[in-house]
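# Structural description and commentary
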2 protein chains.
Amino acid sequence: MQAVTGRRRGRPPGTSGTREAIAEAARRLFADRGYDRTSLRAVAEAAGVDQALVSHYYGSKQQLFVAVIELPFEPELVVPRLVSGDRATLGRRVAEFLVATLESVEGRSRITGLIRAAASEPEAARMVRELVSNRIFKPLAESLAVDDAPLRATLVGSQVIGLTMARYVVQVEPLASASPDTVVAAIAPTLQRYLLEPLS
Amino acid sequence: MQAVTGRRRGRPPGTSGTREAIAEAARRLFADRGYDRTSLRAVAEAAGVDQALVSHYYGSKQQLFVAVIELPFEPELVVPRLVSGDRATLGRRVAEFLVATLESVEGRSRITGLIRAAASEPEAARMVRELVSNRIFKPLAESLAVDDAPLRATLVGSQVIGLTMARYVVQVEPLASASPDTVVAAIAPTLQRYLLEPLS
């Protein structure tokens, strides 16, 4: 029945269109339902293909997750752009960029998807850890050129994860309905200190 | 078979011992496996009772979760104790208390259990939100007696959630292996600012 649906939607099994349709369905389901509640079967149904095809292309659920998770921005472009410029306002630039990303539907969906996956089980946490360590924290630490740069990058990460959880996932008030400007003003000095000021 | 196990362990169904055994098993499973992966059947097995008895005492899984989740400290005692005393060092006192709680096995298990449940589904997030709002954020905000106290309390919450996720759940380095003293020194000024200093 799933294969029939696939044909009905005009995607013969085995084309790159099918592969991409599976990836799109997986990204959406991981973001909407969380890692735990996304099954290979549900991904196959949403993509309109047979479940065997999902396994053929991507292997296990964990392998599928690794293959399709994407950051909502390209750190290779964003980190150098944020770090260059006046250091006295770096925390504010980072806060503005993060809040703007979290306020967009697509950016929020990807970031909450990553965090919810990390909260679900140790193996997913490991995959998220490697992704953010290699793609965000390491480049950020290297570009800072200050003492304790790796710790600083992860402290920034801790505030970003916590803001995402408190404001967008748990939706605790009044933080959940505070304006983006209020949130930026509140966390910018925190990020500035974590990034560049003395930590102890 | 489960009922037999219950009898073997000397707990006749229907006693308060059984009820408490179910609660203990549920607390442990919610903390270890997360909300999503804890089933009423698994709780019944771990408690050595029939699943019908779990439903009889606690109803649905959501109702069971609400009944058994507990904060790792009594906010009614802790908040007034922390807030009284020198305001200039309030952030440090709160940071020291939180890190000490998170460094204990029991405290960490309960806090990560709450956060992982909140990340799993909107209904669990709602229950966690009500718990922390009513028991922690509101009393904290009332005792602060400053402008924007409710927002300040939730900003503190955001850093605490993020520290828990980054250091103890995702375990991102070097934050995960930093000493408790290093972590306290890093976040104390953040909490001090969120609690008492100008936010914008």
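Everything discussed here concerns the structure shown above.
Residues numbered from 1 in each chain as written. Chains lettered and ligands numbered in written order. Predicted model: local features only at pLDDT ≥ 70, side-chain atom pairs only at ≥ 80, totals over all residues. Heavy atoms only, no water.

### Focus on the packing of aromatic side chains
Overall, the coordinates contain 10 aromatic pairs over all chains when judged by the stated rule. Measuring from centroid to centroid gives 5.1 Å for Phe30(A) and Phe65(A), while their planes differ by 85°, and the two rings are edge-to-face. With Phe30(A) in helix H2 (residues 16–33) and Phe65(A) in helix H5 (residues 61–68), the pair connects residues that are 35 residues apart, well separated along the chain. Phe65(A) carries the same exposure label as Phe30(A), and that label is buried. Summarising the aromatic geometry, the rings of Phe73(B) and Phe97(B) are spaced 5.0 Å apart at their centres and angled 85° between planes, so their arrangement reads as edge-to-face. Of this pair, Phe73(B) sits in the loop between helix H5 (61–68) and helix H6 (75–83) while Phe97(B) sits in helix H7 (residues 90–103), and the two are 24 residues apart along the sequence. With relative accessibility at 15%, the residue Phe73(B) sits in the buried group. (Phe/Tyr/Trp six-rings, centres within 6.5 Å; stacked < 30°, edge-to-face > 60°. Helix = DSSP H or I, 4+ residues; strand = E, 2+ residues; numbered from the N terminus. Buried < 20%, exposed > 50% of the residue type's maximum accessible area, 1.4 Å probe, protein only.)

### A few points about the interface of chain B and chain A
In this complex, chain B contributes 43 residues to the contact, which on the side of chain A involves 43 residues. On the chain B side of the contact with chain A, Arg37(B), Ala119(B) and Val170(B) bury the most area, a combined 15% of that side's loss. Counting across the chain B and chain A interface gives 0 salt bridges. Here chain B and chain A share 18 residue pairs in polar contact (both at pLDDT 80 or more) between them. (Contact = heavy atoms within 4.5 Å. Buried area = accessible area lost by both parts, 1.4 Å probe. Salt bridge = Lys/Arg side-chain N within 4 Å of Asp/Glu carboxyl O. Polar contact = N/O pair within 3.5 Å; in protein donor to acceptor, adjacent residues only side chain to side chain.)

### So, unusual backbone geometry
Geometrically, the link from Glu173(A) to Pro174(A) is a cis peptide bond, its omega value of 5° lying close to zero. With respect to the helices, strands and loops of the structure, Pro174(A) is situated in the loop between helix H10 (149–169) and helix H11 (180–196). Here Ala145(A), not a glycine, exhibits a phi torsion of approximately 55°, which is positive. For Ala145(A), the position within the fold is in the loop between helix H9 (122–144) and H10. In this structure, Asp148(B) is a non-glycine residue whose phi angle is positive, near 60°. Mapped onto the fold, Asp148(B) is located in the loop between helix H9 (122–144) and helix H10 (149–169).

### Details of the side chain of Thr164(A)
All names here are of chain A. Take Thr164: it is sitting in helix H10. Separated by 2.7 Å, the side chain of Thr164 and the backbone oxygen of Val160 make a polar contact. Apart from residues lying up to four places away in sequence, Thr164 is in contact with Leu102, Ile111, Thr112, Ile115 and Val169.

### Side note on the pattern of salt bridges
Counted by the stated rule, this structure contains 20 salt bridges over all chains. With a closest N to O distance of 2.5 Å, Glu123(A) and Arg126(A) form a salt bridge. Of the two residues, Glu123(A) and Arg126(A) are both situated in helix H9; the distance of 3 residues between them amounts to about one turn of the helix. Salt-bridge contacts for Glu106(B) lead to Arg110(B); the nearest nitrogen and oxygen are separated by 2.8 Å. Linking Glu106(B) with Arg110(B), this pair stays in helix H8 (residues 105–120), spanning 4 residues, or about one helical turn. Classification of Arg110(B) by relative accessible area gives partly exposed; the value is 24%.

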